[in-house]
Amino acid sequence: MKTNAKHLLLCAAAALITVALGSCDNKKFRVNGTITDAKDSVLYFENMSLDGPVTVDSVKLDGKGEFTFTDNAPGAPEFYRLRIAGQIINLSVDSTETISVKASYPTMATGYTVDGSQECSTIKELALKQIDLLGRVIAIERNTALGFDQTRDSIARIVEAYKHDIKMNYIFKAPMRPSSYFALFQTLGNRLIFNPRENEDDIKAFAAVATSWDVYHPKSLRGENLHNIAIQGMRNVRIMRNQQAAGAIDASKVHEANLIDITLVDNQGHTRRLTDLAGKVVMLDFHVFSSEGSTKRIMQMRDLYNKYHARGFEIYQVSLDPDEHFWKTQTAALPWISVRDPQGLQSQNLALYNVGSIPTFFLIDKSNTISKRDIQIKDLNAEIEALLK
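What comes next concerns the included structure. What you see is a predicted model; the values in this text were computed from it and never measured. (Residues numbered from 1 in each chain as written. Predicted model: local features only at pLDDT ≥ 70, side-chain atom pairs only at ≥ 80, totals over all residues. Heavy atoms only, no water.)

1. With respect to the sheet that holds strand S1 (residues 28-36)
In a beta sheet, neighbouring strands are held together by backbone hydrogen bonds and run either parallel or antiparallel to one another. Ordered by their spatial adjacency, 4 strands build an open sheet running S4-S1-S7-S8, and the pairing between neighbours is mixed. The sheet terminates laterally at strand S4 (66-72) and strand S8 (113-115), the two strands that pair on one side only. In this sheet, neighbouring strand axes are inclined to one another by 15° on average, regardless of whether the strands run parallel or antiparallel. By the bridge criterion, 7 bridges tie S1 to strand S7 (residues 98-104) in an arrangement that is parallel. (Pairing = 2+ DSSP bridges. Helix = DSSP H or I, 4+ residues; strand = E, 2+ residues; numbered from the N terminus. Axes fitted to C-alpha atoms, helices over the stretch in contact; angles between N-to-C directions.)

Now the structure itself:
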């Protein structure tokens, strides 16, 4: 089950996939249209604030599917969305304009048309590009002919090409536009495509949009938020450079292995390294215990552990739960290695392992080499049996 982060950046990331508006001298904007084949469905009109989605209005659609929503016009560009269940249409509003949307359910997220706003048209273009990228990434992950390194490198190449396209043709071309703000917060699974925490080139993109918003939308909350993100990212880059210049890498922490090491503290307070499990067949599992379906999944993992542990099978489970006490309570009776990543869904471990959705797992053989990831496995028991031989 995929889990959404509540971190500020991921809330803003959700804003990238949304519709917007605000208040200004009681002037109004309007979003209207029709969504066919959605009789009796509830259509939500939601503001994607920096603190997450806020329902502005909703309507139960009749056979015609007609709707009209109005709200106060914003003083600076804002983001909203039209939503039925998991189908979302992203919009941006920065004036008293009227935006008209036509779509058909359940394909409204990709098959809609929008009139009255060039920015909304550009946001649709960006959203479709993002959906295409996700499709290509999934295809690579499901290619059983590719090893872990090939999968990781192939994904990295297409993501970098995507980022170059978006930077050159949207963000740097017109950084003052709402669509450029939207582009900054696009996601791939649970991760931001543009990394404002420590990728210097990506930080420049955030800074460019922040500077433009200073000029065109002075003192706006979103502009100030962009500035804070860019400044923190630049600080992170300086810290990393200083550490590298000072030779801050502890040689004792470098392990010769065929996988990226993970070192975290377990639920008993002990430091546990993934690479210390060399000689065992390991399931590296990324999990959120507060997510729907967690209990059922843990029961399935118990069955695997009970069946294979005595033969050399181990589970190294990385929790991404924000609440440490809750995590300790949930894992107190689990027999395998349970560690928690305090960075949660912003963890660099997720980026290094190309994790786009949670939960997910990898199988690691006895030589500390990634064998396969879950999406490439058809028969999990057969894969474990083969690695244990």
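2. Remarks on the sheet that holds strand S16 (residues 360-364)
Read across the sheet, 5 strands follow the order S15-S14-S13-S16-S17 without closing on themselves; strand pairing throughout is mixed. Each edge of the open sheet is held by one strand with a lone partner, namely strand S15 (337-340) and strand S17 (370-373). The sheet shows a mean angle of 20° between the axes of neighbouring strands, taken without regard to direction. Pairing of strand S13 (residues 281-287) with S16, which is carried by 5 bridges, proceeds in the antiparallel orientation.

3. Quick notes on the packing of aromatic side chains
For any pair of aromatic rings, the description consists of the separation of the ring centres together with the inter-plane angle of the planes. For the structure on display, the rule yields 16 aromatic pairs. Between Phe 79 and Tyr 181, the ring centres sit 5.1 Å apart and the planes meet at 20°, which makes this aromatic pair stacked. A residue pair is termed long-range when its members are at least 10 positions apart, and Phe 79 in strand S5 (residues 78-84) and Tyr 181 in helix H5 (residues 178-184) qualify at 102 residues. Accessibility classification places Phe 79 together with Tyr 181 in one group, the buried group. (Phe/Tyr/Trp six-rings, centres within 6.5 Å; stacked < 30°, edge-to-face > 60°. Buried < 20%, exposed > 50% of the residue type's maximum accessible area, 1.4 Å probe, protein only.)

4. Regarding helix H11 (residues 380-388)
If you check which residues of H11 are buried, you get Glu 383, Ile 384, Leu 387 and Leu 388. End-on, the buried residues of H11 take up no more than an arc of 130°, which puts them together on one face. The distance from a side-chain oxygen at the start of H11 to the backbone nitrogen of Asn 381 is 3.3 Å, and the residue carrying that oxygen is Asp 379. (Arc of directions from axis to C-beta. Polar contact = N/O pair within 3.5 Å; in protein donor to acceptor, adjacent residues only side chain to side chain.)

5. A few points about the pattern of salt bridges
Side-chain pairs of opposite charge can arise where the charged atoms are in close proximity. For the structure on display, the rule yields 17 salt bridges. The salt bridge partner of Arg 177 is Glu 119, with a shortest N-O separation of 2.5 Å. You can see Arg 177 sitting in the loop between helix H4 (148-171) and H5 and its partner Glu 119 sitting in helix H3 (residues 118-141), a full 58 residues away along the chain. Given a relative accessible area of 27%, Arg 177 falls into the partly exposed group. Taken together, the shared-partner salt bridges in this structure form one network comprising Glu 160, Lys 163, Lys 167 and Asp 202. (Salt bridge = Lys/Arg side-chain N within 4 Å of Asp/Glu carboxyl O.)

6. So, the packing of H4 against helix H6 (residues 200-216)
Orientation of H4 relative to H6, taken along the N-to-C sense of each, is 20°, at an axis distance of 12 Å. The angle between H4 and H6 places the two elements in the roughly parallel class. Considering the relative orientation of H4 and H6, their crossing is left-handed. The segment H4 lies against H6, with Lys 163, Lys 167 and Ile 171 engaging Asp 201, Asp 202, Ala 205 and Val 209. Of the residues belonging to the contact of H4 with H6, the class tally is 3 nonpolar, no polar and 4 charged. (Parallel < 35°, antiparallel > 145°, perpendicular 65-115°, else oblique. Left-handed = near helix turned anticlockwise from the far one by under 90°. Contact = heavy atoms within 4.5 Å. Nonpolar A, V, L, I, M, F, W, Y, C, P; charged D, E, K, R; others polar.)

7. Here we look at the nonpolar core
Grouped together as the largest cluster of nonpolar side chains are 32 residues, with contacts concentrated most on Leu 133, Ile 166, Ile 171, Leu 184, Phe 185, Phe 206 and Leu 226. Those elements that place two or more of their residues in this core are H3, H4, H5, H6 and helix H7 (221-245). When residues in this core are grouped by element, the largest group, 7 residues, is from H4. Formed by 23 residues, the second largest nonpolar core is a distinct cluster that contains Leu 259, Ile 262, Leu 264 and Ile 370. (Core = buried A, V, L, I, M, F, W, Y, C linked by side-chain atoms within 4.5 Å.)

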